[in-house]
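# A structural walkthrough
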Amino acid sequence: MTEEIKQKLIKAAFEAKRKAYAPYSGFQVGAALLTKDGRIYQGCNIENASYGACCCAERTAFFKAVSEGEREFRAIAIAGKGKDAPEFEYCAPCGICRQVMAEFCEPETFEIILPRSLEDHQTYALSELLPFSFTGKNLES
Ligand code: THU
């Protein structure tokens, strides 16, 4: 991926965080999901008074995209910060979101970009964050 596209994706994740609905944890997250043909879907975390009904930013972005017919993804940028925290820290996706990524994304080539800022970011392959995953292939045998 070009640095220009990566920067665009990171900016879209920071922008999406502004829409977070996180009145209970105060931890606000934005995600920007890039399809293989270059479209970007943004998502934020959406909390609920019944805590189990909370949805992470990453899954919001995936479910928006999949429900629009998208099936092929290239990368996701994730930006998270406590409401009163002075700055962003790297915000790794939770286990459930990694499992959702495993459903739709190629383990070796799907990139997970974790920015603290436009200049300071880390990138991982899905296979690094979810090795030896359970997928549809397991159900074929
Ligand atoms: N959260 C996300 O949206 N993505 C992550 O990668 C980590 C956690 C949300 C869920 C919940 O609304 C809040 O952050 C605190 O866990």
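A few points on the structure. Predicted model only: the values in this text are computed from it and were never measured. (Residues numbered from 1 in each chain as written. Predicted model: local features only at pLDDT ≥ 70, side-chain atom pairs only at ≥ 80, totals over all residues. Heavy atoms only, no water.)

Locating Gln28 in the fold gives a position in strand β1 (residues 27–35). In this structure, the C-alpha to C-alpha distance between Gln28 and Ile46, residues 18 residues apart in sequence, is 9.1 Å. Leave out the neighbours within four places in its chain, and Gln28 touches Lys17, Ala20, Ala22, Asn45, Ala79, Gly80, Lys81 and Lys83. There is a polar contact of 3.4 Å between the side chain of Gln28 and the side chain of Lys17. (Helix = DSSP H or I, 4+ residues; strand = E, 2+ residues; numbered from the N terminus. Contact = heavy atoms within 4.5 Å. Polar contact = N/O pair within 3.5 Å; in protein donor to acceptor, adjacent residues only side chain to side chain.)

Before going further, it helps to examine the sheet that holds strand β4 (residues 111–115). Read from one edge to the other, the open sheet built from 5 strands follows the order β2-β1-β3-β4-β5, with strand pairing classed as mixed. Only two strands of the sheet have a single neighbouring strand rather than two, namely β2 (40–44) and β5 (121–125). On average, each strand axis in the sheet is inclined to that of its neighbour by 20 degrees, with strand direction left out of account. Bridging between strand β3 (residues 73–82) and β4 involves 3 bridges; their strand directions are parallel. When the bridges of β4 are listed, Ala75 appears paired with Glu111. Each of β1, β2, β3, β4 and β5 touches helix α1 (residues 3–17); the most contacted strand, β1, lies at about 145 degrees to it. (Pairing = 2+ DSSP bridges. Axes fitted to C-alpha atoms, helices over the stretch in contact; angles between N-to-C directions.)

Glancing now at a nonpolar patch on the surface. On the surface, a nonpolar cluster with roughly 460 Å² of combined accessible area is contributed by Tyr21, Tyr24, Ile46 and Tyr51. Tracing the backbone shows Tyr21 in the loop between α1 and β1. (Patch = residues over 30% accessible without salt bridge, like charges linked within 9 Å, V, L, I, M, F, W, Y side chains within 5 Å. Areas by Shrake-Rupley, 256 points an atom, 1.4 Å probe, with all protein chains shown as cover. Salt bridge = Lys/Arg side-chain N within 4 Å of Asp/Glu carboxyl O.)

On inspection of all chains with the given rule, the structure shows 6 aromatic pairs. Between the aromatic rings of Tyr24 and Tyr51, the centroid separation amounts to 5.8 Å while the plane-to-plane angle is 45 degrees, which identifies the pairing as tilted. Here Tyr51 lies in the loop between β2 and α2 (57–67) and Tyr24 lies in the loop between α1 and β1, a separation of 27 residues in the sequence. On the numbers, 5.1 Å between centres and 65 degrees between planes, the contact of Phe62 with Phe73 is edge-to-face. Within this pair, whereas Phe62 is found in helix α2, its partner Phe73 is found in strand β3, the two being separated by 11 residues in sequence. Ring pairing ties together the aromatic residues Phe62, Phe73, Phe104 and Phe110, which thus form one cluster. Here the guanidinium or amino end of Lys81 rests over the ring plane of Phe88, the centre of that ring lying 5.9 Å away. (Phe/Tyr/Trp six-rings, centres within 6.5 Å; stacked < 30°, edge-to-face > 60°. Lys NZ or Arg CZ within 6 Å of the ring centre and 35° of its normal.)

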